[in-house]
Amino acid sequence: MLNLDHISKSFGGHRVIDDLSLTFDLGVHGLLAPNGAGKTTLMQMIATLIHPDSGSITWQGQDILAMDEDYRGLLGYLPQKFGFYPDYSATEFLIYIAALQGIGRRQAKPLVADLLEMVGLGDRAGQRMKTFSGGMIQRVGLAQTMINDPDLIVLDEPTAGLDPRERVRFRSLVHSLAQDRIIILSTHIVSDLETIADRVIMLKDGRVRCNLSPGRISGRLEGKIFLVPTGYRLEEGQALLEEEHEGGETSLRIYSPWPPDQGQVVTPNLEDAFLVVYGDERS
Ligand SMILES: Nc1ncnc2c1ncn2[C@@H]1O[C@H](COP(=O)(O)OP(=O)(O)OP(=O)(O)O)[C@@H](O)[C@H]1O
Ligand SMILES: [Mg+2]
């Protein structure tokens, strides 16, 4: 279990993470927040690349900074900007990463072959990475986080730039790894989390705004999401979520704590929750 206890982090007087406390258990935890909300900052602290100004992070009760190499040995981290050598093959790259972790070539070879098989790149293992699609590169990135068979995997926007099919494939891979691990994955794409996240954590103003299963988040909006005609005038307390186009007709999807005098109630989804939480940040 990973525990963040009252951590804060500022850059140049701007408090990015503000007295935040969170606990992570087995399963997939989605950090869902718009650009600049502090996702990378939080993940870099979990990866010990930067340190909180105050508060502490513990693994099974031990301070992760004090654990040092023992902690890094159980951590797999995929940074938002994942650096690789385009002229290396996937196999060479992973053997190189393994060497950095003290795993020799002989031991690394079968391990790397297994990992590339696991991420569906077994038949591309010898191919240079510069010939890979974005989704293939991210799958090599995921394989890289798995080299030390980590208990905790931190993935910073791993699906950014992937097409919908690649995203689906990446998601199911992540899901398959989460049985006996803690996975923390950041994204601002709601559909990344709807099916695979055990919990969705929304950050706002450096704090946890919500920390629930996707179903419970949507459930809280039950009876509060409506489709109304385009001419509908919003009242104080209601919010426009988006325009919906169906069968040549346009209607407005709105949040309303009470039933509006026209329109119909619809089933809420995670996207609605995201728009309700962050709606006032849209320009
Ligand atoms: N090293 C740094 N120096 C100064 N400011 C920083 C630094 N790192 C992050 N910030 C600021 O902290 C805020 C949060 O940045 P962060 O990268 O954590 O957000 P994010 O949620 O990961 O955004 P994105 O979705 O764009 O990746 C931003 O305002 C950013 O400019
Ligand atoms: Mg980021």
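What counts, and where the lines are drawn
- Note on numbering: residues in each chain are counted from 1, in written sequence order.
- Note on labels: chains are lettered from A, ligands numbered from 1, in written order.
- Given that this is a predicted model, residues contribute local features only at a pLDDT of at least 70 and side-chain atom pairs are listed and counted only at 80 or more, while totals for whole chains, interfaces and linings are drawn from all residues.
- Values reported for side chains reflect all heavy atoms of the structure, with hydrogen atoms and water molecules removed beforehand.
- Note that water is not among the atoms used; donors are N, O and S atoms within 2.8 Å of the metal (3.2 Å for Na, K and Ca), so sites may look incomplete.
- In this description a helix means any DSSP run of H or I spanning at least four residues, a strand means any run of E spanning at least two, and both kinds are numbered starting from the N terminus.
- Buried residues are those whose accessible area, probed at 1.4 Å on protein chains only, stays under 20% of the maximum for their type, while exposed residues exceed 50% and partly exposed ones sit between those limits.
- Each axis is a line fitted through C-alpha atoms, and for a helix only the stretch in contact is used; angles between axes span 0 to 180 degrees, taken between their N-to-C directions.
- Working rule for angles: under 35 degrees goes down as roughly parallel, over 145 as roughly antiparallel, 65 to 115 as roughly perpendicular, anything else as oblique.
- Should the near helix be turned counterclockwise from the far one by less than a right angle, the crossing is left-handed, whereas a clockwise turn marks it as right-handed.
- Contacts between residues were defined by any pair of non-hydrogen atoms, one from each residue, lying within 4.5 Å.
- Under this grouping Gly is polar, as are all residues other than the nonpolar Ala, Val, Leu, Ile, Met, Phe, Trp, Tyr, Cys and Pro and the charged Asp, Glu, Lys and Arg.
- The term salt bridge refers to a side-chain nitrogen of Lys or Arg lying within 4 Å of a carboxyl oxygen of Asp or Glu.
- Domain start and stop points were drawn from an automatic or database domain assignment.
- As used here, buried area is the combined drop in accessible area, with a 1.4 Å probe, of two parts when they are placed together.
- The term polar contact refers here to a pair of N or O atoms within 3.5 Å; inside protein, the definition further demands a hydrogen-donor-capable atom paired with an acceptor-capable atom, and it admits residues adjacent in sequence only when both atoms are side-chain atoms.
- Throughout, the term near means that a residue has one or more heavy atoms lying within 4 Å of the molecule or strand in question.
- Only the protein chains shown count as covering a residue, and every accessible area follows the Shrake-Rupley method with a 1.4 Å probe.

Section: the coordination of the magnesium ion (ligand 2)
Then, number 1: The magnesium ion (ligand 2) binds to the protein through Thr40 (OG1) and Gln80 (OE1), with metal-donor distances spanning 1.9 to 2.2 Å. With Thr40 in helix H1 (residues 39-46) and Gln80 in the loop between strand S6 (75-78) and helix H4 (90-100), this pair connects stretches of sequence that are 40 residues apart.
Then, number 2: Judged by its relative accessible area of 41%, Gln80 falls in the partly exposed class.

Overview of the packing of H4 against helix H5 (residues 105-118)
Then, number 1: The interhelical angle for the contact between H4 and H5, taken along N-to-C directions, is 125 degrees, at an axis separation of 9 Å. Relative to H5, the element H4 lies oblique. Crossing of H4 against H5: the hand is right-handed. Contact residues: H4 offers Ala90, Thr91, Leu94, Ile95 and Ala98, while H5 offers Arg105, Ala108, Lys109, Val112 and Leu116.
Then, number 2: Its residues placed into classes, the contact of H4 with H5 shows 7 nonpolar, 1 polar and 2 charged.

Focus on the pattern of salt bridges
Then, number 1: Per the stated rule, a full pass over the model turns up 13 salt bridges.
Then, number 2: Note that Lys9 is salt-bridged to Asp53, the shortest N-O span being 3.6 Å. Highlighted residues: Lys9 in strand S1 (residues 2-11) and Asp53 in the loop between H1 and strand S4 (54-59), separated in sequence by 44 residues.
Then, number 3: A salt bridge links Asp192 to Arg171, with the nearest nitrogen and oxygen atoms 3.3 Å apart. In this pair, Asp192 sits in helix H8 (residues 191-194) while Arg171 sits in helix H7 (residues 164-177), placing the two residues 21 residues apart along the sequence. An identical accessibility class is assigned to Asp192 and Arg171; each is buried.

Description of the packing of helix H6 (residues 134-145) against H7
Then, number 1: Closest axis-to-axis distance for the H6/H7 pair is 9 Å, and the angle between their directions is 15 degrees. Here H6 is positioned roughly parallel relative to H7, judged by the angle of their axes. Judged by the sense of rotation from one axis to the other, the crossing of H6 with H7 is right-handed. Across the interface between the two elements, Gly134, Gly135, Met136, Gln138, Arg139 and Leu142 of H6 pack against Glu166, Arg169, Phe170, Leu173, Val174 and Leu177 of H7.
Then, number 2: Partitioned by chemical class, the residues of the contact of H6 with H7 number 6 nonpolar, 3 polar and 3 charged.

Let's talk about the domain arrangement of the protein chain
Then, number 1: You can read the domains of the protein chain as domain 1 (2-217) and domain 2 (218-281).
Then, number 2: With 18 residues of domain 1 at the interface, the matching set in domain 2 holds 13 residues.
Then, number 3: Together, the buried faces of domain 1 and domain 2 total about 1,300 Å²; carbon and sulfur atoms form 63% of this surface.
Then, number 4: At the junction of domain 1 and domain 2, the tally comes to 0 salt bridges.
Then, number 5: For the interface between domain 1 and domain 2, the tally reads 11 residue pairs in polar contact (both at pLDDT 80 or more).

Describing the side chain of Gln238
Then, number 1: Mapped onto the secondary structure, Gln238 falls in the loop between strand S11 (225-229) and strand S12 (239-246).
Then, number 2: Separated by 3.1 Å, the side chains of Gln238 and Tyr232 make a polar contact.
Then, number 3: A polar contact of 2.8 Å, which involves the side chain of Gln238, links it to the backbone nitrogen of Glu235.

Brief notes about the site of ligand 1
Then, number 1: Near ligand 1 you find 13 residues, and of these Gly36, Gly38, Lys39, Thr40 and Thr41 are the closest.
Then, number 2: One nitrogen or oxygen atom from the main chain of Gly36 is found 2.8 Å from an oxygen atom belonging to ligand 1.
Then, number 3: Lys39 has a polar side-chain atom sitting 2.7 Å from an oxygen atom of ligand 1.
Then, number 4: Within the complex, 60% of the 640 Å² of free accessible area of ligand 1 lies under protein.
Then, number 5: For the shell around ligand 1, the secondary structure elements donating two or more residues are strand S2 (14-24) and H1.
Then, number 6: Per element, the largest residue contribution to the shell around ligand 1 is 3 residues, and it comes from H1.

Some words on helix H10 (residues 270-278)
Then, number 1: Counted residue by residue, H10 has 7 buried out of 9 residues, so it is predominantly covered.
Then, number 2: Those residues of H10 not exposed but buried are Leu270, Asp272, Ala273, Phe274, Leu275, Val277 and Tyr278.
Then, number 3: By the N-cap criterion, in which a side-chain oxygen at the helix start approaches the backbone nitrogen of a residue two or three places on, H10 is capped by Asn269, the distance to Glu271 being 3.1 Å.

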